[in-house]
Amino acid sequence: MNILLLGKTGQVAQSFLSMKKSKTRILAFDREEMPLDDRHKLSNNLSNVLRNNSIDFLINAAAFTDVNEAEVNSQLAFEINSNALLTITREIKKNSKKKTTLIHFSTDYIFDGTGNKPWYPHSKPNPLNVYGKSKLKGEEAIIHSNIPALILRTSWVFSKNGTNFLKTVLNKLKKNETLKIVDDQSGSPTSSDFISKFCWHVLENSLEYKKFGIYHLTGKGVTTWYKFAKFIAKTAHEKGVFDVDISNNILPVKSSDYSSKVIRPKNSYLDCQSLEKDFSFPRTTWQEQTSKILDQIISETK
Ligand SMILES: NC(=O)c1ccc[n+]([C@@H]2O[C@H](COP(=O)([O-])OP(=O)(O)OC[C@H]3O[C@@H](n4cnc5c(N)ncnc54)[C@H](OP(=O)(O)O)[C@@H]3O)[C@@H](O)[C@H]2O)c1
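Every value quoted in this text rests on a predicted model; they were computed, and no experiment measured them.

Here the focus is the sheet that holds strand β2 (residues 25-29). Spatially, β2-β1-β3-β4-β5-β10 is the arrangement adopted by the six strands of the open sheet, whose pairing is parallel. With partners counted over all chains shown, the strands left at the sheet margins are β2 and β10 (213-216), one partner each. For this sheet, the mean inter-axis angle between neighbouring strands, taken without regard to orientation, is 20°. As paired elements, strand β1 (residues 2-6) and strand β3 (residues 57-60) share four bridges and run parallel to each other. Within the sheet, the bridge partner assigned to Leu6 lies in β3 and is Asn60.

Quick look at the structure:
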């Protein structure tokens, strides 16, 4: 099986690469080799790889993911998260020797977060910020292209790699800082390892041929950023990172107390039942996923 992976330095891509199975060949590219903000180069380079290799899956793990920066640099966010998908889907259509399936990731931020019910894959999107708007346009480009594709909407991604909430909280607590964290935005933390496990599950079972479309994929359960941070602190203490329980160094605040240029959805809870059912894929809780990533971080710092 031949896999083309974009965004190889990112959290999800790194997890995916770390779980590589035998009998698979992964052609992985970084932003220099496949720049999503340079249509001409992306088009040429993609078409070369697709024409010269029989690619079964193209996994797009590249994206403009800095939600704050997207407000300032919206043109670039749209180029990478929306327009690049026009190029990618066009090149797949034109050059694939066999039917290449696209696996793409999207976000809870395509919803406006009103109410307290979970969001379903068919719920009406209404993004509040540039990042969400650009990701939604990317989804639309894929759907309109009619190529075989799986769009996996996920949320609150963390990993031992890269910059993410879990690592930021841990590092600040290590410096004995007091943290003020919003307690009125709820959602489901999801480890990049869990996302990658699902991708390998799909690839190994060739399930994609039956199940194209949009699915939600997050850790099981729902929490707030504040409670997530408290859990990180308590679990890190139990695992010996801190001598004492320093979870009291974390204080709850409201979104309105926190100055930010980005409007974020209050309710990001994604319903994942259709994915569990269609792919027979049992989900693990966000707490189990957090504990596993903490173990990895601890073992790397020993
Ligand atoms: N992170 C989250 O909380 C979250 C939540 C919901 C959905 N998602 C979605 O999940 C997917 C994976 O996210 P992630 O957390 O793994 O992302 P990430 O760690 O931020 O990695 C993004 C990747 O995209 C690459 N990239 C950025 N600009 C590029 C460009 N112009 N051309 C080519 N590559 C470029 C980055 O390269 P460099 O390393 O060189 O910058 C990096 O490899 C994305 O589609 C994201 O929208 C993420």
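Note on placement: Leu170 falls in helix α6 (residues 165-174). A count of 19 C-beta atoms within 10 Å places Leu170 in the partly exposed class. Between the C-alpha atom of Leu170 and that of Val241, which follows or precedes it by 71 residues, the distance is 9.3 Å. Excluding anything up to four places from it in sequence, Leu170 contacts Ile232 and Ala236.

To continue, consider helix α4 (residues 74-95). Taking 1.5 Å of rise per residue, the 22 residues of α4 would be expected to cover 32 Å, and the 30 Å separating its terminal C-alpha atoms lies within 8% of that figure. The largest bend in α4 amounts to roughly 35° and is located at Ala84. Of all the residues in α4, the buried ones are Ala77, Phe78, Ile80, Asn81, Ala84, Leu85, Ile88, Thr89, Glu91 and Ile92. Taken together, the buried residues of α4 touch α2 (39-52), β3, α3 (67-72), β4 (101-107) and α5 (130-145).

Bringing the packing of α2 against α4 into the picture now. Relative orientation of the contacting elements α2 and α4 amounts to 30°, with a least axis distance of 9 Å. The orientation of α2 with respect to α4, classified from their angle, is roughly parallel. For the pair α2 and α4, the crossing hand works out as right-handed. On α4, the residues touching Arg39, Leu42, Ser43, Leu46, Ser47, Leu50 and Arg51 of α2 are Asn83, Ala84, Thr87, Ile88, Glu91, Ile92, Lys94 and Asn95. Considered class by class, the residues forming the contact of α2 with α4 number six nonpolar, five polar and four charged.

In this sheet, β2 lies alongside β1 in parallel orientation, the contact comprising five bridges. Within β2, the residue paired with Leu4 across the bridge is Leu27. For the crossover from β1 across helix α1 (residues 11-18) to β2, the handedness is right-handed.

Okay, the site of the ligand next. Lining the immediate environment of the ligand, one finds 27 residues, of which Gly10, Gln11, Arg31, Ala63 and Val157 sit closest. If you list the elements that add at least two residues to the shell around the ligand, you get α1 and β4. For the shell around the ligand, the class distribution of residues is 13 nonpolar, 10 polar and four charged.

Residues Leu5, Leu58, Ile59, Ala61, Cys199, Ala229 and Ile232 are the most contacted members of the largest nonpolar core, which totals 77 residues. At eight residues, the largest contribution of residues to this core is made by helix α8 (residues 225-238).

This part is about the environment of Ile246. Its location among the elements puts Ile246 in the loop between α8 and β12 (250-253). Each C-alpha atom, one on Ile246 and one on Ala233, is 6.6 Å from the other, the two residues being 13 residues apart in sequence. Beyond its immediate chain neighbours, meaning those up to four positions away, Ile246 contacts Leu173, Ala233 and His237.

With that settled, the discussion passes to unusual backbone geometry. Even without a glycine there, the phi angle at Lys23 is positive, about 70°. Note on placement: Lys23 falls in the loop between α1 and β2. For Ser280, which is not glycine, the phi dihedral falls at a positive 45°. Assignment of secondary structure puts Ser280 in the loop between α9 (273-279) and α10 (286-301).

Scoring rules and cut-offs
Per chain, residue numbering runs from 1 following the sequence as it is written. In view of the model being predicted, local features appear only for residues whose pLDDT reaches at least 70, and side-chain atom pairs are presented and counted only at 80 or more, with totals across whole chains, interfaces and linings using the full set of residues. In this scheme, strands are said to pair when DSSP sees at least two bridges between them. Secondary structure is summarised from DSSP: a helix means a run of H or I of at least four residues, a strand means a run of E of at least two, and numbering begins at the N terminus for each. To obtain each axis, a line is fitted to C-alpha atoms, and for helices this fit is confined to the stretch in contact; angles are then taken between N-to-C directions over 0 to 180 degrees. Counting other C-beta atoms within 10 Å of a residue's own tells you its class, since 20 or more makes it buried, 12 or fewer makes it exposed, and anything in between is partly exposed; those C-beta atoms are placed from the backbone. Two residues qualify as being in contact provided that their C-beta atoms, derived from the backbone, are within 7 Å of each other. One less than the number of residues in a helix, times 1.5 Å, gives the span that helix is expected to have. Here the bend at a residue is taken as the angle between two axes, fitted respectively to the seven residues that end there and the seven that start there. Any angle that is under 35 degrees is reported as roughly parallel, and any over 145 degrees as roughly antiparallel; angles of 65 to 115 degrees are reported as roughly perpendicular and all others as oblique. Handedness of a crossing follows from how the near helix is turned relative to the far one, being left-handed for an anticlockwise turn of less than a right angle and right-handed for a clockwise one. Lys, Arg, Asp and Glu make up the charged group, whereas Ala, Val, Leu, Ile, Met, Phe, Trp, Tyr, Cys and Pro make up the nonpolar group; the residues left over, Gly among them, are polar. Assignment of crossover handedness uses the view with strands pointing away from the viewer, where a clockwise path from the first strand over the helix to the second indicates a right-handed crossover. Here is the check we use: build the C-beta atom from the backbone, and if it is within 6 Å of the molecule or strand, call the residue near. Note on terminology: a nonpolar core is a set of buried residues of type Ala, Val, Leu, Ile, Met, Phe, Trp, Tyr or Cys, with members joined through C-beta atoms within 7 Å.

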